[in-house]
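Below, each chain spelled out in residue letters.
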Amino acid sequence: MTVLRMARDLDAGAVGAILSEFVDTSDWMPRIHTRAEDIAHAARMIDLGRVHVAEDNGTVIGFCARNGDDLDALYVASEKRGQGIGAALLRHAQTVVDRLELWTFQANEGAQRFYLRHGFVELQRTDGSGNDERLPDIQYEWQRETV
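Residues numbered from 1 in each chain as written. Predicted model: local features only at pLDDT ≥ 70, side-chain atom pairs only at ≥ 80, totals over all residues. Heavy atoms only, no water.

### Topic: the environment of R91
Considering the arrangement of structural elements, one finds R91 in helix α3 (residues 85-96). Residue class for R91 comes out partly exposed when judged on its relative accessible area of 49%. Sequence separation of R91 and H118 is 27 residues, and the distance between their C-alpha atoms is 8.7 Å. (Helix = DSSP H or I, 4+ residues; strand = E, 2+ residues; numbered from the N terminus. Buried < 20%, exposed > 50% of the residue type's maximum accessible area, 1.4 Å probe, protein only.)

### Concerning the packing of helix α1 (residues 12-25) against helix α2 (residues 35-47)
The geometry of α1 relative to α2 is characterised by a closest axis approach of 8 Å and an angle of 130° between their N-to-C directions. Taken together, α1 and α2 sit at an angle that is classed as oblique. Two packed elements cross with a definite hand, and for α1 against α2 that hand is right-handed. From α1, A12, G13, V15, G16, L19, S20 and D24 reach across to α2, where they touch R35, D38, I39, H41, A42, A43 and I46. Across the contact of α1 with α2, the residue classes break down as seven nonpolar, four polar and three charged. (Axes fitted to C-alpha atoms, helices over the stretch in contact; angles between N-to-C directions. Parallel < 35°, antiparallel > 145°, perpendicular 65-115°, else oblique. Left-handed = near helix turned anticlockwise from the far one by under 90°. Contact = heavy atoms within 4.5 Å. Nonpolar A, V, L, I, M, F, W, Y, C, P; charged D, E, K, R; others polar.)

### Some remarks on the environment of A7
Among the structural elements, A7 can be located in the loop between β1 (2-6) and α1. Look at A7 and you get buried, because its relative accessible area is 13%. Note: C-alpha distance between A7 and H52 (45 residues apart in sequence) is 5.1 Å.

### Considerations on the nonpolar core
The biggest cluster of nonpolar side chains holds 21 residues, and the ones touching the most others in it are L74, L90, L100, Y115 and F120. Mapped onto this core, the elements with two or more residues apiece are β3 (59-67), β4 (70-76), α3, β5 (99-105), α4 (109-117) and β7 (137-143). In terms of residue count, α3 provides more of this core than any other element does, five residues in total. Excluding its chain neighbours within four sequence positions, the residues that come into contact with L74 are F63, C64, G86, L89, L90, F114 and Y115. Within the second largest apolar cluster, 17 residues are counted, among which are I18, I46, V53 and A77. (Core = buried A, V, L, I, M, F, W, Y, C linked by side-chain atoms within 4.5 Å.)

### Here we look at α3
When the terminal C-alpha atoms of α3 are compared, their 18 Å separation across 12 residues agrees well with the 16 Å that a helix rising 1.5 Å per residue should span. Turning to α3, its buried residues number three or more, namely I85, G86, A87, L89, L90, A93 and Q94. (Expected span 1.5 Å × (residues − 1).)

### With respect to the layout of surface pockets
Its boundaries defined by the atoms lining it, the largest pocket holds a volume of some 1500 Å³. For the largest pocket, the lining is made up of 45 residues, of which D72, A73, L74, Y75 and W103 are closest to its centre. Those elements giving two or more residues to the lining of the largest pocket turn out to be α1, α2, β4, α3, β5 and α4. Residues belonging to the lining of the largest pocket are distributed by class as follows: 21 nonpolar, 11 polar and 13 charged. (1 Å grid on protein atoms, 1.4 Å probe; cavity = no way out; pocket = protein on both sides within 12 Å on 5 of 7 lines; lining within 4 Å. Points joined across faces, edges and corners; volume = space filled by probe spheres on them.)

### Examining the packing of aromatic side chains
According to the stated counting rule, one finds seven aromatic pairs in the structure shown. Seen from their ring centres, Y115 and Y140 are 6.4 Å apart, and the 35° between their planes marks the pair as tilted. Of this pair, Y115 sits in helix α4 while Y140 sits in strand β7; the two residues are 25 residues apart in sequence, bridging distant segments of the chain. Taken together, the ring pairs in this structure connect F22, W28, F63, Y75 and F105 into an aromatic cluster. (Phe/Tyr/Trp six-rings, centres within 6.5 Å; stacked < 30°, edge-to-face > 60°.)

As structure tokens, then:
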């Protein structure tokens, strides 16, 4: 059974590994940080209280990092993708704020389809000069519908 919970200090290795796996398996994504730096980045986000994880039988299988209205990261372990884990993490983030904003790379077509399915709208596209990877990206926004 999958459980969503706040990340704990000891989750940094698993969160960093999921992030590293994404970089390693995306042929368009340059590796600009070491795996150790990915873990350190995960630890910083966890220390700031920004990370929720999806856990299955004691194993972290996905995570979502949010800083206020900014959705900084949403990743699921490759063998668990397509099973609703990312959608559950996103829905959880959407329950605590009325608006979310995020960036994804133009090359990440799967993420684009995912966010559009979940009510996000495209705000702008850039040439990538403003991100560390120097990859063209897209800014998306979701807003809670008011009745």
